[in-house]
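# Survey of secondary and tertiary structure
These are the residues of each chain, in order.
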Amino acid sequence: MTSVRVRYGPSPTGEPHVGNIRTALFDWLLARRFGGQFIVRIEDTDQSRAVEGTEELILDALRWLGLDWDEGPDIGGPFAPYRQSERLPLYLEAAERLLREGKAYRCDCTAERLDALRKSQQQAKQPPGYDRRCRELHVNAGVDHVVRLAMPLDGHTIVNDHLRGDVSFQNALLDDHVLLKRDGFPTYHLASVVDDHHMEITHVIRGEEWLSSAPRHVQTYAALDWDQPVWVHIPIIRGPDKGKLSKRHGATSIRQYAEQGYLPEALLNFLALLGWSKDETTTIMPREEITAHFSLDGLGLSSAMFDIERLQEMNARYIRDLEPSDFLQRGRPHLQQALGRPLSDPELDSLLPITPAIQERVKLMPEFVDYTDFFFTSGPLSYTNAELMGRAYKNKPWQALESVEASLECLRHLHDSAWSAPTLESALRELAAQRGEKPGAVFTPIRVAATGKRIAPPLFETLETLGQPLTIQRLNHAAERLARPDD
RNA sequence: GGGGCAUUCGUCUAGCGGCCUAGGACACCGCCCUCUCAAGGCGGAGAUCAGGGGUUCGAAUCCCCUAUGCCCUACCA
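All values derive from a computational prediction rather than experimental measurement. (Residues numbered from 1 in each chain as written. Chains lettered and ligands numbered in written order. Predicted model: local features only at pLDDT ≥ 70, side-chain atom pairs only at ≥ 80, totals over all residues. Heavy atoms only, no water.)

## Some points on the sheet that holds strand S3 (residues 104-107)
Sheets are built from strands that pair by backbone hydrogen bonding, the pairs being arranged parallel or antiparallel. If you walk across this open sheet you meet the three strands as S3-S4-S7, and the pairing is antiparallel. This sheet does not close on itself; its edge strands, each paired only once, are S3 and strand S7 (178-180). Here the strands of the sheet are splayed against their neighbours by 45° on average, with no regard to which way each runs. (Pairing = 2+ DSSP bridges. Helix = DSSP H or I, 4+ residues; strand = E, 2+ residues; numbered from the N terminus. Axes fitted to C-alpha atoms, helices over the stretch in contact; angles between N-to-C directions.)

This is the structure in structure tokens:
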């Protein structure tokens with residue numbers, strides 16, 4: 001088997017979509033698994049749909065996911081250039097050869113005629129398609145025209161799909177599609193075939209929506225007398241409504257997932273499992289394990305729904321498994337943004353002891369802020385007295401106050417060296433026992449006073465990290481508030 | 001309208017003729033643990049393998065038909 005060469009051919013028409021990127025992922029996995037090359041080729045043959053700057057967005061998405069390419073528009077390669085708009089002579093050459101050999105022809109039918117034709121065909125319940133008016137007309141090269149492939153009129157075209165086997169199409173139902181547009185640019189049908197051939201692409205992996213037009217590509221290869229690549233049409237990704245996943249379904253661009261706090265390795269794992277599986281039981285696999293086991297044979301045939309809950313779960317799992325210092329670095333930008341100021345390394349590192357406890361609570365990176373911002377705010381925290389009192393002291397501000405004062409008394413007397421989670425815990429538990437109260441009753445006001453929230457990391461580790469002075473200060477503030485309940 | 005593809009728990013899937021009274025994961029429910037929230041442990045419910053015909057000693061697995069869903073049907077990719 002010759003070495004694997006696969007290409008990802010995005011159109012720079014917008015943000016890279018998860019469905020699209022999943023195709024890139026399979027390309028990349030195949031290349032990496034078999035020591036081949038992964039090529040990025042920009043398919044910008046539709047000038048009207050091009051959106052400025054999206055090429056860079058696409059490359060950024062690939063980088064973010066860690067899908068590195070061996071040849072591409074930015075780094076070049078032996079088959080440069082890697083932008084179709086820069087390869088026009090190649091398409092022209094192929095089209096001219098086809099014209100010369102009578103396998104393609106010029107067509108000067110107007111858009112109006114084609115529209116009218118389509119309408120009448122639809123009304124007459126006929127399959128729509130070009131009626132081949134110009135096929136025998138020998139349109140002059142001087143007039144405005146397109147070039148169409150002269151498809152076989154009868155018989156069948158077989159597409160040998162690697163996953164499905166032979167798929168047969170009746171030629172009578174296929175029309176003479178356009179290869180070269182009026183503006184001199186090729187259509188996808190011509191450009192992809194010409195480039196795949198010249199770039200020595202061995203496997204064409206693309207979405208199932210292309211299967212219907214695959215016979216056109218097969219015929220184009222045949223007309224050009226070139227060998228076909230291996231066709232691999234992978235199932236489409238569906239949205240929650242079962243339709244093809246699209247913008248209507250909410251977040252679909254890779255950038256959005258990055259911003260929402262998904263880890264690239266989690267998204268990669270999740271996407272890989274949309275249509276591929278390693279074995280009966282494995283779901284969590286680091287990139288290396290996926291690349292070590294990936295093969296086309298593990299691909300499924302039915303379209304998969306994009307289940308955001310599963311992605312979230314997987315993300316939480318990956319977050320939990322991060323090295324604490326790595327987790328902190330990834331959380332840093334979110335926290336800095338919320339705080340509105342940069343954080344120094346020592347500040348960030350002060351969180352290290354409590355970080356594992358935070359990791360198991362964070363599902364999406366921005367939530368990191370909820371569990372840590374109070375460590376770095378200086379003014380009074382905002383919370384209600386009801387939150388402070390919790391369930392045990394509900395509507396009993398004086399009891400809550402007593403409790404807080406007792407805690408204050410207890411904590412004030414701890415020596416510096418004793419300010420650690422274990423001693424804090426035993427001291428406060430003892431206090432609760434002495435007062436004949438449930439631990440939770442005593443702990444809740446402390447938690448709210450210290451963090452400003454009812455949901456926070458484990459209390460004693462939190463207090464340890466917060467430090468004695470700040471803890472005392474915040475408890476004092478809480479006591480003041482409880483003393484005048486009607487604020 | 002035509003053509004193509006697909007069809008296993010709600011979801012992602014394992015299964016490629018006997019190992020399946022169909023396995024795993026997420027979600028869900030219950031219990032345990034417990035300072036909030038999580039995480040974790042244990043257990044549970046959940047799929048007559050879309051339906052119907054065949055082939056076979058034996059079918060989720062092979063063949064046919066039907067149904068449903070999706071995709072395509074552009075001088076877009």
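## What to know about the packing of aromatic side chains
Across all of its chains, the model carries ten aromatic pairs by this definition. Ring centres 5.3 Å apart and planes at 90° place the aromatic pair Phe-327 and Phe-368 in the edge-to-face group. Highlighted residues: Phe-327 in helix H11 (residues 324-339) and Phe-368 in helix H14 (residues 368-372), separated in sequence by 41 residues. Judged by relative accessible area, which is 0%, Phe-327 ranks as buried. Where Phe-443 meets Phe-460, the ring centres are 5.2 Å apart and the plane angle is 90°; that geometry is what we call edge-to-face. On the criterion of sequence distance, the pair formed by Phe-443 in helix H18 (residues 439-451) and Phe-460 in helix H19 (residues 459-466) is long-range, its members being 17 residues apart. We classify Phe-443 as buried; its relative accessible area is 8%. Site record: aromatic cluster; members linked through ring pairs are Tyr-257, Tyr-262, Phe-270 and Phe-306. When the ring centre of Phe-34 is taken as origin, the NZ or CZ atom of Arg-33, which lies over that ring, is 4.7 Å away. The ring of Tyr-130 is capped by Arg-148, whose NZ or CZ atom sits 3.7 Å from the centre of that ring. (Phe/Tyr/Trp six-rings, centres within 6.5 Å; stacked < 30°, edge-to-face > 60°. Buried < 20%, exposed > 50% of the residue type's maximum accessible area, 1.4 Å probe, protein only. Lys NZ or Arg CZ within 6 Å of the ring centre and 35° of its normal.)

## What to know about helix H5 (residues 188-198)
For H5, the buried fraction is high: nine of the eleven residues fall into the buried class. Of the residues making up H5, those classed as buried are Tyr-188, His-189, Leu-190, Ala-191, Ser-192, Val-193, Val-194, Asp-195 and Asp-196. Buried residues in H5 make contact with strand S1 (5-8), helix H3 (88-100), S7, strand S8 (203-207) and helix H6 (214-224). One or two residues past the end of H5 sits Glu-200, with phi positive at roughly 60°. (Contact = heavy atoms within 4.5 Å.)

## What about the pairing of S8?
Remember that side chains alternate between the two faces of the sheet whenever the strand is regular. Burial analysis of S8 places five of its five residues in the buried class, which makes it a mostly covered element. In terms of strand pairing, S8 meets strand S9 (residues 230-234) through five bridges, oriented parallel. Its bridge partner lying in S9, His-203 is registered against Val-230. In the classification by handedness, the crossover that spans S8, the intervening H6 and the parallel S9 is right-handed. (Right-handed = clockwise from strand over helix to strand, strands pointing away.)

## Looking at the protein's contact with RNA strand B
In the vicinity of RNA strand B, 64 residues are found, and the nearest of them are Lys-181, Arg-182, Glu-360, Arg-429 and Arg-447. Considering the 4 Å shell around the protein, atoms of RNA strand B inside it are sugar or phosphate in 73% of instances. Contacts to RNA strand B include Asp-46, whose side-chain N or O atom sits 3.0 Å from a sugar or linking oxygen. Contacts to RNA strand B include Arg-447, whose side-chain N or O atom sits 2.3 Å from a base oxygen. If you list the elements that add at least two residues to the surface near RNA strand B, you get helix H4 (111-123), strand S4 (146-149), strand S6 (165-170), strand S11 (304-305), helix H10 (308-320), H18 and H19. Top contributing element to the surface near RNA strand B by residue count: H10, with four residues. Tallied by class, residues from the surface near RNA strand B come to 26 nonpolar, eleven polar and 27 charged. (Near = heavy atom within 4 Å. Polar contact = N/O pair within 3.5 Å; in protein donor to acceptor, adjacent residues only side chain to side chain. Nonpolar A, V, L, I, M, F, W, Y, C, P; charged D, E, K, R; others polar.)

## Quick notes on the packing of H5 against H6
Put simply, H5 and H6 touch, their axes get as near as 10 Å, and they point 55° apart. One element, H5, and the other, H6, form an angle in the oblique class. As H5 packs across H6, the resulting crossing turns out to be right-handed. Residues Tyr-188, His-189, Val-193, Asp-196 and His-197 of H5 pack against Arg-216, His-217, Thr-220, Tyr-221 and Leu-224 of H6. Taken together, the residues that form the contact of H5 with H6 break down as four nonpolar, four polar and two charged. (Parallel < 35°, antiparallel > 145°, perpendicular 65-115°, else oblique. Left-handed = near helix turned anticlockwise from the far one by under 90°.)

## A look at the confidence of the model for chain A
Confidence along chain A averages 94 in pLDDT terms, with 99% of residues attaining 70 or more. For this predicted complex, the interface score ipTM comes out at 0.95, alongside a pTM of 0.94. (pLDDT = per-residue confidence, 0-100.)

## Thoughts on the layout of surface pockets
Within this model, the largest pocket holds a volume of roughly 1,200 Å³. Together, 44 residues line the largest pocket, and Gly-9, Ser-11, Asn-20, Glu-209 and Trp-210 are the ones closest to its centre. Only S1, helix H1 (18-33) and S8 provide two or more residues apiece to the lining of the largest pocket. If you tally residues by element for the lining of the largest pocket, the top one is H1, at five residues. The residue inventory of the lining of the largest pocket, partitioned by class, reads 14 nonpolar, 17 polar and 13 charged. In this structure, the second largest pocket occupies an estimated 340 Å³ of space. Around the second largest pocket, the lining is made up of 19 residues, and of these Leu-114, Arg-118, Tyr-130, Arg-148 and Val-178 lie nearest the centre. Of all elements in the fold, only H4 and S4 reach the threshold of two or more residues within the lining of the second largest pocket. Ranked by the residues each element gives to the lining of the second largest pocket, the list is headed by H4, at five residues. Each residue belonging to the lining of the second largest pocket can be placed in one class, and the counts come to nine nonpolar, four polar and six charged. (1 Å grid on protein atoms, 1.4 Å probe; cavity = no way out; pocket = protein on both sides within 12 Å on 5 of 7 lines; lining within 4 Å. Points joined across faces, edges and corners; volume = space filled by probe spheres on them.)

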